[in-house]
Structure formats: C-alpha cells, structure tokens
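Survey of secondary and tertiary structure
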Amino acid sequence: MIDLANQIEAFFKRYGWDYQRDRDDLYRTGFKGQHAEYHVEIALNQEWVSFGIHPFVSRDNATEDPMAILQFILERNHHMSLAKFGMNDDGDIALTVELPIKGFCYSYFSDALGAISH
C-alpha cells in the first residue's frame, strides 16, 4: 500500500491539483464549484481507494424539503457512473467514489476526481 500511496502523489502532480498528505493512507484536496468550495478526502485501505466529499451537503444547510432532497439524490445516483450519493447517521449527504486497489492506475485516479468534481 505504501507504493500506491507514493504513486498517488505522482498522480496528483500529473492531474495538476494541490493536495495535503496527512498519513500514508489519507490525502486531502479540494476544488471550488459553482456554488461552494468542496473538500475531498482520498483514503486507502487494503482493498479500496475511496474519494469522498463528507459532507457534500450538511443537514444544517439543507433548506429544501427532505423528500425533494432524497428524490434529487436518487435521480442522480441512477444517472451517475462511478460516483454515488449517500446519507450518514447525522443526515449529512456525502458524495463518494470507491475503486479497488487492485489495478489502480492514473486513469482510475483521473476518472474518480473527474466524477466527484462534476
């Protein structure tokens, strides 16, 4: 896993995004979207590379009708590839991409960041 952790640093440089490496298995980066700034965590474990925005929408910032939010999430999940929305126990909405470590390469990294940032 250490080898992949070092490769991810090279992937970030190639992709052109700044990042912070907190541990061998955790990176932080982010981007400015149309309506907000988003903080992305990339975590490694023995089997998965997980890209996540936690929270994508905080329960405290969700001003719409809860059913409208759930409908939005379900519709987007149906149409998105790679990325998925979910809700944690606090009612915050997260956006994640999870890919297997086996065979992980730059194109997977690039696709995951592209999916999570669009």
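Going by the structure above, here's the rest.
Right, let's walk through the structure included here.

Attention now moves to helix H3 (residues 106–117). If you check H3, its first and last C-alpha atoms are 16 Å apart, about what 12 residues at 1.5 Å a residue would give, namely 16 Å. For H3, the set of buried residues is Tyr-106, Phe-109, Ala-112, Leu-113, Gly-114, Ile-116 and Ser-117.

Attention now moves to the nonpolar core. Residues Ile-8, Phe-12, Ile-42, Phe-51, Phe-104, Phe-109 and Leu-113 are the most contacted members of the largest nonpolar core, which totals 29 residues. Only helix H1 (2–15), strand E2 (26–32), strand E3 (37–44), strand E4 (48–57), helix H2 (66–79), strand E5 (83–87), strand E6 (93–100) and H3 provide two or more residues apiece to this core.

Across all of its chains, the model carries 18 aromatic pairs by this definition. Ring centres 5.5 Å apart and planes at 50° place the aromatic pair Phe-11 and Phe-109 in the tilted group. With Phe-11 in helix H1 and Phe-109 in helix H3, the pair connects residues that are 98 residues apart, well separated along the chain. Assessed through its relative accessible area of 0%, Phe-109 is described here as buried. Both rings, one in Phe-104 and one in Tyr-108, keep their centres 6.0 Å apart while their planes meet at 75°; by these two values the pair is edge-to-face.

Further remarks concern a nonpolar patch on the surface. Residues Met-67, Leu-70 and Met-87 make up a contiguous nonpolar surface patch of about 300 Å² in total accessible area. In this structure, Met-67 sits in helix H2.

Here we come to the side chain of Ser-117. Looking at the element boundaries, Ser-117 is found in helix H3. On the accessibility criterion, Ser-117 (19% relative accessible area) is buried. Not counting residues within four places of it along the chain, the set of residues in contact with Ser-117 comprises Trp-17 and Phe-31.

Another aspect to go through is the sheet that holds E4. Taken together, the 6 strands give an open sheet; going across it, the order is E1-E2-E3-E4-E6-E5, and neighbouring strands pair in antiparallel fashion. Edge positions in the open sheet fall to strand E1 (20–23) and E5, since each of these has one partner strand only. Pairs of neighbouring strands in the sheet enclose a mean axial angle of 25°, with direction left out of account. Relative to E5, H2 is tilted by about 155°, and along the sheet it contacts E5 and E6. Of the strands in this sheet, E2, E3, E4, E5 and E6 are in contact with H3, which crosses E6 at around 165°.

Rules of the game
Residues numbered from 1 in each chain as written. Predicted model: local features only at pLDDT ≥ 70, side-chain atom pairs only at ≥ 80, totals over all residues. Heavy atoms only, no water. Helix = DSSP H or I, 4+ residues; strand = E, 2+ residues; numbered from the N terminus. Expected span 1.5 Å × (residues − 1). Buried < 20%, exposed > 50% of the residue type's maximum accessible area, 1.4 Å probe, protein only. Core = buried A, V, L, I, M, F, W, Y, C linked by side-chain atoms within 4.5 Å. Phe/Tyr/Trp six-rings, centres within 6.5 Å; stacked < 30°, edge-to-face > 60°. Patch = residues over 30% accessible without salt bridge, like charges linked within 9 Å, V, L, I, M, F, W, Y side chains within 5 Å. Areas by Shrake-Rupley, 256 points an atom, 1.4 Å probe, with all protein chains shown as cover. Salt bridge = Lys/Arg side-chain N within 4 Å of Asp/Glu carboxyl O. Contact = heavy atoms within 4.5 Å. Pairing = 2+ DSSP bridges. Axes fitted to C-alpha atoms, helices over the stretch in contact; angles between N-to-C directions.

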